[in-house]
Amino acid sequence: MAAAVTRRANALRVEAPDGNTESGRASLAADSPVAKRAVDAKDDVWVAADEGEASGSIAGDGNRTPLFRTFKVKGSILHPYRFMILVRLVAIVAFFAWRVKHKNHDGVWLWATSMVADVWFGFSWLLNQLPKLNPVKRVPDLAALADHSGDANLPGIDIFVTTVDPVDEPLLYTVNTILSILATDYPVDKYACYLSDDGGTLVHYEAMIEVANFAVLWVPFCRKYCVEPRSPENYFGMKTQPYAGSMAGEFMRDHRRVRREYDELKVRVDSLSTTIRQRSDAYNSSTKGDGVRATWMADGTQWPGTWIEQVENHRRGQHAGIVQVILGHPSCKPQLGSPASSDNPLDFSNVDTRLPMLVYMSREKRPGYNHQKKAGAMNVMLRVSALLSNAPFVVNFDGDHYINNSQALCAPMCFMLDPRDGQNTAFVQFPQRFDDVDPTDRYANHNRVFFDGTMLSLNGLQGPSYLGTGTMFRRVALYGMEPPRYRAENIKLAGKVNEFGSSTSFINSMPDGAIQERSITPVLVDEALSNDLATLMTCAYEDGSSWGRDVGWVYNIATEDVVTGFRMHRQGWRSMYCSTHCSASPTSTCRPTRSSRCSFWPTTSSPSSGSSQSSSTSRGRSARTSCTSSPS
Ligand SMILES: O=c1ccn([C@@H]2O[C@H](COP(=O)(O)OP(=O)(O)O[C@H]3O[C@H](CO)[C@@H](O)[C@H](O)[C@H]3O)[C@@H](O)[C@H]2O)c(=O)[nH]1
Ligand SMILES: [Mn+2]
């Protein structure tokens, strides 16, 4: 089964910094302006198209410098291509004229049918050619972003990950996706990660507890050595693991240790269903079960979601809504870790050990409702996150789509905060790459024509389509606001109940969510907030509102992503395609793309093959640490 599953990676590649630095982004900003290199480099296809603007500040806009560079296809390539299109167009029109003049009088119906088909093909060919007349590549300038914003001024981001079934979308993929997000190089107090579990399974929830525990080790390790990529399965799957640093011996020791912990995590994650089943059987056969064969959490309470033995109110498509803040919002000051000791052999005394906010949620499901698959899940996340973190920007990943570069969250900010058209930009789409694909890509499974051709072509018009994953949105664009009216002070709350549903807490959160400079502010999850969150997750909440039509992700269509993007384009918003600069820089030290390495294979190790400590109670780090302290 695993072999049939491809795993997507966000394909943005930014050079790894040299030297022993803790912050890749800081070093990148100081020493190596990314876009400048891209411009300076000899490129066979692309030429810079914005020299005037890039060399100085934007006219009449103080000292605000552009945050991305624009490249166009060289005239020597583009003009002959345009000429070819013209020649083919003339040939097609002449062919139609010939067809009309030479009507087949013996079979008029046949002639008419083939004429309609030909005209349709000609028309769709023309539609396909038009965007290709002017492909545009836009490359984020992370150095300029660092100068412009610095860490302190970067806005908040809410990251939404969706999953449904721990088998169809393997649990280990989701675990790695979340770890790659938690370890990304964005100010840790400025983003929050939400996992929506449409299956409502305890396995997903407990996997997130495991993730949170392992992140205590994994995230500081990534920061200490600037490792890439930060999805551990992919990192440890590489033949060699490069790192930015000079402490080779210490790195090898730390690396061995983290790898061993990761292998143990995999075993525990693999055996979660067995662990939960055994625990539940034990509870159910004891007096605590009261005759109900429930599924039990590690703390001895009944799981409110789907049970192993499905019963009324605890089965797929029928369970209560759940929100659990697994990692709270961190403080805004760095917290250095402790030096190496017998308990903790890794020296994190110079590393910030804070972790970003992590929330598990599963919306309410009831029979008789159309839950609208992913679109429904995304809309619930949009509302719930508005009360918990309310970041002005939102990023969407499917559960099988990890971030393969730690700078990835900064890159779309270059488009969103750019002084030229940033405020009119509703979303930024990343390219996608696929692991587990034949390295020769014989069957074009990487879809390069689409991701490296069509998308760049659309980029020259109003912008690329939304492709459902690897996308950053402006929150207000998702609320259905139009670009000229998006400013916080212009958001009118009167009469919004009809559009956004009855929650006044949610409606009151909207102006804040529109301030693009805003970070995220911690909230206390008290009883009142819990009640508000429960209301926002109910199936009935959207009844009679504009959700799924003019607000949020669009309903009643299999390709909700493309249509949601179209709605924004229709309102006048534009979108951007976030390009990689590697091909433009022959001096680049970029490693090969993930797609050519194809090293991702989920573990199939059996639960019993792991260490003996993986009992239902070994959730704390100390229990595991003591079991693995023997030297390898
Ligand atoms: O009831 C559901 C069904 C699906 N999903 C999630 O939605 C995502 C996409 O669904 P999937 O069935 O895996 O579709 P794909 O064809 O793999 O996804 C592509 O195509 C979809 C339809 O265009 C888009 O929604 C996706 O974002 C895009 O990546 C996955 O993360 C699922 O976990 C839910 O959250 N709830
Ligand atoms: Mn999928």
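Residues numbered from 1 in each chain as written. Chains lettered and ligands numbered in written order. Predicted model: local features only at pLDDT ≥ 70, side-chain atom pairs only at ≥ 80, totals over all residues. Heavy atoms only, no water.

Taken from UniProt, the Subcellular location (unreviewed entry) comment for the protein reads in full: "Golgi apparatus membrane". (UniProt positions renumbered as here; feature names shortened; annotations may be inferred.)

Undergrad: Looking at this structure, how should I read the overall build of the protein?
TA: In terms of regular secondary structure, the protein is built from 20 helices and 16 strands. A buried classification covers 55% of the 632 residues belonging to the protein. Of the contacts formed within the protein by residues at least 6 apart in sequence, a portion of 78% connects residues at least 24 apart. In the form shown here, the protein has an accessible surface area of approximately 26,400 Å², with 56% of it arising from carbon and sulfur atoms. (Helix = DSSP H or I, 4+ residues; strand = E, 2+ residues; numbered from the N terminus. Buried < 20%, exposed > 50% of the residue type's maximum accessible area, 1.4 Å probe, protein only. Contact = heavy atoms within 4.5 Å. Areas by Shrake-Rupley, 256 points an atom, 1.4 Å probe, with all protein chains shown as cover.)

Undergrad: Would you explain the UniProt feature "transmembrane region" (unreviewed entry) in the protein in this entry?
TA: UniProt marks residues 81–100 and 107–127 with the feature "transmembrane region" (unreviewed entry), using the numbering shown here. With 100% helix and 0% strand, the stretch residues 81–100 has end C-alpha atoms that lie 29 Å from each other. From the first C-alpha to the last, residues 107–127 spans 30 Å; its make-up is 95% helix and 0% strand.

Undergrad: Looking at this model, I keep getting lost on the UniProt feature "binding site: Mn(2+)" (unreviewed entry) in the protein. Mind explaining?
TA: Taken from the UniProt record, the annotation "binding site: Mn(2+)" (unreviewed entry) applies to Lys-374 and Asp-398. Spanning 25 residues, the named residues nonetheless gather at one spot, since no C-alpha pair among them exceeds 9.3 Å. Positionally, Lys-374 belongs in helix H12 (residues 373–388). In this structure Lys-374 comes out as buried when scored by relative accessible area, which is 18%. With residues up to four places along the chain from it excluded, the contact list for Lys-374 reads Thr-162, Asn-396, Asp-398, Tyr-466, Gly-468 and Glu-560. Position of Asp-398 relative to the elements: it lies in strand E11 (residues 393–398). At 2.9 Å, the side chain of Asp-398 and the side chain of Lys-374 are in polar contact. (Polar contact = N/O pair within 3.5 Å; in protein donor to acceptor, adjacent residues only side chain to side chain.)

Undergrad: Teacher, can you tell me more about the site of ligand 1 here?
TA: Close to ligand 1 lie 18 residues, the nearest being Glu-169, Asp-198, Lys-374, Asp-398 and Glu-560. One of the side-chain nitrogen or oxygen atoms of Thr-162 is found 3.0 Å away from an oxygen atom of ligand 1. One nitrogen or oxygen atom from the side chain of Asp-398 is found 2.6 Å from an oxygen atom belonging to ligand 1. For ligand 1, whose unbound accessible area comes to 670 Å², protein coverage reaches 70%. Mapped onto the shell around ligand 1, the elements with two or more residues apiece are strand E5 (157–163), H12 and helix H19 (560–570). The biggest single contributor to the shell around ligand 1 is H12, with three residues. Classifying every residue of the shell around ligand 1 by side-chain character gives four nonpolar, six polar and eight charged. (Near = heavy atom within 4 Å. Nonpolar A, V, L, I, M, F, W, Y, C, P; charged D, E, K, R; others polar.)

Undergrad: Any chance you could explain the sheet that holds strand E2 (residues 46–48) here in plain terms?
TA: Adjacent strands of a sheet pair through backbone hydrogen bonds, lying either parallel or antiparallel. Spatial strand order, E2-E3-E4: three strands in an open sheet with antiparallel pairing. Of all strands in the sheet, those with a lone pairing partner are E2 and strand E4 (136–140), marking the two edges. Each strand of the sheet is rotated relative to its neighbour by a mean of 35 degrees, with strand direction disregarded. Note that strand E3 (residues 68–73) and E4 share five bridges and pair antiparallel. Bridging from a neighbouring strand, Phe-71 pairs with Lys-137 of E4. Of the strands in this sheet, E2 and E4 touch helix H14 (residues 448–459), which is tilted by about 90 degrees from E4. (Pairing = 2+ DSSP bridges. Axes fitted to C-alpha atoms, helices over the stretch in contact; angles between N-to-C directions.)

Undergrad: What exactly am I supposed to notice about the nonpolar core here?
TA: One broad trend across soluble globular proteins is that nonpolar side chains are buried collectively. Of all hydrophobic cores here, the largest spans 80 residues; its most connected members are Ile-157, Ile-178, Leu-182, Trp-218 and Phe-221. With 16 residues, the top contributor of residues to this core is helix H8 (residues 202–225). Contacts of Ile-178, omitting those with residues within four sequence positions, involve Val-161, Cys-193, Leu-195, Met-208, Val-211 and Leu-358. Of all hydrophobic cores here, the second largest spans 45 residues; its members include Val-380, Leu-536, Val-551 and Trp-573. (Core = buried A, V, L, I, M, F, W, Y, C linked by side-chain atoms within 4.5 Å.)

Undergrad: Looking at this structure, how should I read the confidence of the model for the protein?
TA: Per-residue pLDDT for the protein averages 83, and the proportion of residues at 70 or more is 81%. Predicted as a complex, the structure gets a pTM of 0.86 and an ipTM equal to 0.98. (pLDDT = per-residue confidence, 0-100.)

Undergrad: How should I be thinking about unusual backbone geometry in this particular structure?
TA: Excluding glycine, residues mostly carry a negative phi; peptide bonds, for their part, are mostly trans. In this structure, the amide linkage connecting Glu-228 to the following residue, Pro-229, adopts the cis form with an omega of -10 degrees. Looking at the secondary structure, you find Pro-229 in the loop between H8 and helix H9 (232–237). Positive phi, normally seen in glycine, also occurs at Gln-372, with a value near 60 degrees. Residue placement: Gln-372 occurs in the loop between strand E10 (357–362) and H12.

Undergrad: Mind showing me how you'd approach the packing of helix H7 (residues 171–182) against H8 here?
TA: The angle between the axes and the distance between the axes are what describe a pair of packed helices. Relative orientation of the contacting elements H7 and H8 amounts to 40 degrees, with a least axis distance of 10 Å. What the angle tells us is that H7 and H8 run oblique. Viewed along their axes, H7 and H8 form a crossing whose handedness is right-handed. Each of Leu-171, Thr-174, Val-175, Ile-178, Leu-179 and Leu-182 in H7 lies in contact with H8, whose residues at this interface are Val-203, His-204, Ala-207, Met-208, Val-211, Phe-214, Ala-215, Trp-218 and Val-219. (Parallel < 35°, antiparallel > 145°, perpendicular 65-115°, else oblique. Left-handed = near helix turned anticlockwise from the far one by under 90°.)

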